[in-house]
Amino acid sequence: MGDFMSTLIPTGSASGTGSMTLAAPVTNSNQTATLPDATGTVMVSGNMPAFFAYVSTNQTVSSNTNTKIAAASVLFDTHGFYSNTNYRFTPTIAGYYQISGGVGPYGSGIPTRAFLSIYKNGGEWIRLQDIATNNTNSPQYVDTISGSGLVYLNGSTDYVEIYGWTLVPSGTPQFQGNANPFFTFISGVLVRN
Amino acid sequence: MTLYEKIKSLYPELTDRDFSTVIRLQNDSDGKGDYIKSWNHPTLAKPTDEELA
């Protein structure tokens, strides 16, 4: 009978002086972590950015105008890649990010149509949701819309933002700002690199 | 008066659908206000700055 044991070969980096430590957890049990039969980068919390930012006070916008949500309040931002001054997410870790957004059309008029989009590098990239209603029945109006999409970001220059659009036949539209629950927000997480 | 309202006053025949298809108004929340991102209306000319002033 042959020897079926595979080998685990640690290799040092061609450059860099740091060390790599594999630390055991605090346990009195015997545990096994099985590596996948594939080549790739192991994902750990240190290279998996996640963020969530929201609009905390109502944002006044214009009807029929694509407007970037001004999500200045940050709930969490594990790697500091989100800017709450220009409201964009620019990660320096490349990969495929699940980006989500929500918009709560609001204001003195009744929103009868709204949509929101992920913008990548300043252009509309994914139209997430687009809802229109018949305003002849006053209880029917657009409330909160949301959606998410998978976006590849190159880890250097690529960035994403959320834009919302609302139609209010009369009155001043707003994007509703609130926390718990959140209505107008942007969030994202690295799914894989 | 918003940019949308100014354009509507210049071209009352424009529909709301036009503003989500052939005409795109945008605001980047940078304090510079609304602007015309793109204008691809098949018959109506893009308004000049003077007309929108």
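Since we're looking at a predicted model, the values are computed, not measured.

In this section: the packing of aromatic side chains. Residue and element names in this part refer to chain A. Scanning all chains against the criterion turns up 13 aromatic pairs over all chains. With a centroid separation of 6.2 Å and 40° between ring planes, the pair formed by Phe-52 and Phe-76 is classed as tilted. You can see Phe-52 sitting in strand S1 (residues 50–54) and its partner Phe-76 sitting in strand S4 (residues 73–77), a full 24 residues away along the chain. According to the relative accessible area criterion, Phe-52 is buried, its value standing at 13%. By the ring-pair criterion, three or more aromatic residues cluster together here, those being Phe-51, Phe-81, Tyr-82, Phe-89 and Tyr-97. Sitting over the ring of Tyr-159, Arg-88 keeps its end group 3.9 Å from the ring centre.

This brings us to the sheet that holds strand S11 (residues 145–153) of chain A. All names here are of chain A. In spatial order, the strands read S4-S1-S14-S7-S11; together these five strands make up an open sheet with antiparallel pairing. Each having just a single partner strand, S4 and S11 make up the two edges of the open sheet. On average, adjacent strands in this sheet sit at an angle of 15° to one another, irrespective of strand direction. Bridge count for strand S7 (residues 95–103) against strand S14 (residues 185–192) is seven bridges, and the pairing is antiparallel. Residue pairing in the sheet places Gly-101 in a bridge with Ile-186 of S14.

Now for the interface of chain B and chain A. Listed as interface residues are 13 residues of chain B and, on the opposing side, 19 residues of chain A. Summed over both partners, the interface of chain B with chain A buries about 1300 Å², with 39% contributed by carbon and sulfur atoms. Applying the counting criterion to the chain B and chain A interface returns one salt bridge. Here B:Arg24 and A:Glu124 are joined by a salt bridge, their closest N and O atoms 3.4 Å apart. Where chain B touches chain A, the interface holds twelve residue pairs in polar contact (both at pLDDT 80 or more). Examining the composition of the side of chain B that touches chain A, we find that four residues originate from one element, strand S1 (residues 23–27) of chain B, more than from any other. By residue class, the composition of the side of chain B that touches chain A is three nonpolar, five polar and five charged.

Rules used in this analysis
Residues numbered from 1 in each chain as written. Chains lettered and ligands numbered in written order. Predicted model: local features only at pLDDT ≥ 70, side-chain atom pairs only at ≥ 80, totals over all residues. Heavy atoms only, no water. Phe/Tyr/Trp six-rings, centres within 6.5 Å; stacked < 30°, edge-to-face > 60°. Helix = DSSP H or I, 4+ residues; strand = E, 2+ residues; numbered from the N terminus. Buried < 20%, exposed > 50% of the residue type's maximum accessible area, 1.4 Å probe, protein only. Lys NZ or Arg CZ within 6 Å of the ring centre and 35° of its normal. Pairing = 2+ DSSP bridges. Axes fitted to C-alpha atoms, helices over the stretch in contact; angles between N-to-C directions. Contact = heavy atoms within 4.5 Å. Buried area = accessible area lost by both parts, 1.4 Å probe. Salt bridge = Lys/Arg side-chain N within 4 Å of Asp/Glu carboxyl O. Polar contact = N/O pair within 3.5 Å; in protein donor to acceptor, adjacent residues only side chain to side chain. Nonpolar A, V, L, I, M, F, W, Y, C, P; charged D, E, K, R; others polar.

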